[in-house]
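Tertiary structure, described
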Amino acid sequence: MGSIEQSTLPADFVWGFATAAYQIEGAVNEDGRGPSIWDTFCKIPGKIAGGGSGEIACDSYHRTHEDIALLKACGAKAYRFSLSWSRIIALGGRNDPVNEKGLQFYLRFIDDLHAAGITPMVTLFHWDLPDELNKRYGGLLNKEEFVADFANYARLVFKTFGSKVKHWVTFNEPWCSSVLGYNTGSFAPGHTSDRTKSSVGDGSTEPWIVGHNILVAHGAAVKIYRDEFKTQDGGEIGITLNGDWAEPWDPENPADVEACDRKIEFAISWFADPIYHGRYPESMIKQLGDRLPAWIPEDLALVHGSNDFYGMNHYCANYIRAKTGQPELNDIAGNLELLLEDKNGVSIGPITQSPWLRPCAVGFRKLLKWLSERYGYPKIYVTENGTSVLGENDMPLEQLLDDEFRVQYFKDYIGAMADAFTLDGVNVRAYMAWSLMDNFEWAEGYETRFGVTYVDYDHDQKRIPKKSAKSIGQIFERLIQKV
Ligand code: PNW
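Everything numeric in this text was worked out from a predicted model, so none of it was measured. Each chain has its residues counted from 1, following the order in which its sequence is written. Per-residue local features are limited, in this predicted model, to residues with pLDDT of at least 70; the limit for side-chain atom pairs, both in listing and counting, is 80 or more; totals at the level of whole chains, interfaces and linings are taken over all residues. Neither water nor hydrogens contribute to the side-chain values; these are computed over all heavy atoms in the structure.

1. A few points about the overall build of the chain
Rule in force here: The helix and strand labels rest on DSSP assignments: H or I over at least four residues marks a helix, E over at least two residues marks a strand, and numbering proceeds from the N terminus. Per-residue accessibility, obtained with a 1.4 Å probe over protein chains only, is compared with the maximum for each type, and a residue is labelled buried under 20%, exposed over 50%, and partly exposed between these values. Only heavy atoms enter the contact rule, under which two residues are in contact if any of them lie within 4.5 Å. Shrake-Rupley sampling with a 1.4 Å probe provides the accessible areas, and residues are treated as covered by the protein chains on show and by no other component.
Of regular secondary structure, the chain possesses 16 helices and 13 strands. Burial status across the chain gives 63% buried among its 483 residues. Counted over contacts in the chain with a minimum sequence separation of 6, partners at least 24 positions apart contribute 77%. Counting every atom, the chain has about 18000 Å² of accessible surface; 52% of that belongs to carbon and sulfur.

2. Re the sheet that holds strand 10 (residues 380–384)
The criterion, for reference: When DSSP locates at least two bridges between a pair of strands, those strands are taken to pair. In this analysis, axes come from line fits to C-alpha atoms, helices being fitted only over the stretch in contact, and the angle between any two N-to-C directions falls in the range 0 to 180 degrees.
As summarised here, the arrangement of the eight strands in space is 1-2-3-4-5-7-10-11, forming a closed barrel in which the pairing is parallel. Strand-to-strand, the axes of this sheet are offset by a mean angle of 25°, without reference to chain direction. Running over the sheet, helix 15 (residues 404–424) touches strand 10 and strand 11 (428–434) and is turned about 170° from strand 11.

3. Notes on helix 10 (residues 254–277)
What counts here: What a helix is expected to span follows from its residue count: subtract one and scale by 1.5 Å. Throughout, bend refers to the angle between the axes fitted to the seven residues that end at a position and the seven residues that start at it. Polar contacts, as used here, are pairs of N or O atoms within 3.5 Å; protein pairs need one atom able to donate a hydrogen and one able to accept it. Residues neighboring in sequence count only if both atoms are side-chain atoms.
Between its first and last C-alpha, helix 10 extends only 26 Å over 24 residues, short of the 34 Å set by a 1.5 Å rise per residue. At Ser269, helix 10 shows its maximal bend, which comes to roughly 65°. Among the 24 residues that make up helix 10, 18 are buried, leaving the element largely enclosed by the rest of the structure. With a side-chain oxygen lying 2.9 Å from the backbone nitrogen of Ala255, the N-terminal cap of helix 10 falls on Asn253. Looking one or two places after helix 10, you find Gly278, whose phi comes out positive at around 75°.

4. Concerning the environment of Met312
Looking at the secondary structure, you find Met312 in strand 7 (residues 309–313). Given the relative accessible area of 1%, Met312 is considered buried. Once you skip the residues sitting within four places of it in the chain, Met312 turns out to touch Leu241, Phe364, Leu367, Leu368, Leu371, Ile380, Tyr381, Val382, Thr383 and Glu384.

5. A closer look at the sheet that holds strand 6 (residues 245–248)
Taken together, the three strands give an open sheet; going across it, the order is 6-8-9, and neighbouring strands pair in mixed fashion. The open sheet has two edge strands with one neighbour each: strand 6 and strand 9 (336–339). On average, adjacent strands in this sheet sit at an angle of 40° to one another, irrespective of strand direction. Relative to strand 8 (residues 317–322), helix 10 is tilted by about 125°, and along the sheet it contacts strand 6, strand 8 and strand 9.

6. Examining the environment of Val157
Within the fold, Val157 resides in helix 7 (residues 143–161). Under the relative-accessibility criterion, Val157 is labelled buried at 0%. Leave out the neighbours within four places in its chain, and Val157 touches Leu83, Ile88, Leu124, Gly162 and Trp168.

7. Description of the pattern of salt bridges
Pairing between side chains of opposite charge can happen when their charged atoms approach one another. Rules: Throughout this description, the term salt bridge denotes a Lys or Arg side-chain nitrogen within 4 Å of a carboxyl oxygen of Asp or Glu.
Following the criterion strictly, the structure yields 36 salt bridges and no others. Across the salt bridge formed by Lys369 and Glu373, the nearest N and O atoms sit 3.5 Å from each other. Residue Lys369 and its partner Glu373 are both found in helix 13 (residues 361–375); the two are separated by four residues, about one turn of the helix. For Lys369, a relative accessible area of 34% gives the class partly exposed. Where Glu477 meets Lys482, a salt bridge forms, and the shortest distance between an N and an O atom there is 3.7 Å. Residue classification places Glu477 among the exposed positions, given a relative accessible area of 51%. Judged by relative accessible area, Lys482 falls into the exposed class, the value being 60%.

Interpretation in functional terms is not warranted from these geometric data alone.
Right under this line is the structure:
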């Protein structure tokens, strides 16, 4: 085993912070922006903790200069943010009007980032589908329409920003759009088989259709980028997948050990196997049968080989216990339980404010290695990593700002990443911490904070850096090789 003391990161390693449009921008009705499915979802009572929405959020639409100042103060080299599709094309579709004001907003922002010496990394889709497309034809469920509209939006974006942006992420975490949006219903558009939660949805089929359609749309956008822009713009493009590490609940039980791989396959390989190997994982085919859409050759040709880099979002680890018996129809995990404690009642990591998140840094190193082995040591960009802090929202300000728990998280996780680079040959080249500032944490509203900067929602969205804001630069300063 290595340690943070002896491991390093390459001299050209890029680090910075990440955010997403709906979580920070606010200004949802301004300058011609149309509603997204999240604007609509937030209006349904009971869907968001505290009843919040992204209506104002961090007000970043009006505070881009403050955000850039924060990035500079942290010493960040890069900033990953997402574009609001419905700010650029209010209704979203390929025959709908383009909103020049939306394009101008992002153009100015990208120019300002460059002027501050910060490299933009731009996500095209971080869950905020134009609401009209959902109403018009069922949004992500409709392959023909969705792929054509996404391709049109992607081409417009590449054309407008391509000379200034060299790092593109097509989709953020398609697992979340598919499973949380169409199985549990906890995310927009809230489809689920559970009729106490929604009158629409079939959690046994829709997630697999949506995941498939996102892959095809990703592949279509990559083809457009490579055919029409890459030669002159010289940039790169990939998809960002989320997935946490898996440890067996009972390491003595081969079924639990086997279930760990299956868990990662259902979370990550669902998307990564088609991209790197041109097929769905065997474990998923076996469990889902023809509920997993079949690949037609034209679609697969778009998807197979479509990553210039692997975008990795990673937060924590789980213990995995195999279920016995037949999988339930609505099972999305691979017929297993995700647990926070092992057989002996030992927790995988400390408790945070997010029920699903318990830090376990060594799992990061292990997953980096697992992915590298399975996908042929691709170039990896960590596009999100970070933590909430238990009770942070209720702390007195002084205590909240002294977020030693988050500082330790970053030390441990970035150290584990350096170990993976130095000792395991993992080709990791960039890291974006989640998040630059507290923001709208989806169904968890504003009660859960992930920022290295405190945002005071009661006082004009005032930003105050926490202890962790400075710490990340110091950690990288120690680890990145000097030339
Ligand atoms: C990611 N889960 O979401 C997103 O990309 C961010 O927008 C988000 O704010 C961040 O992580 C922190 O949550 C996730 O339930 C949300 O397993 C939920 C899960 C995973 C990722």
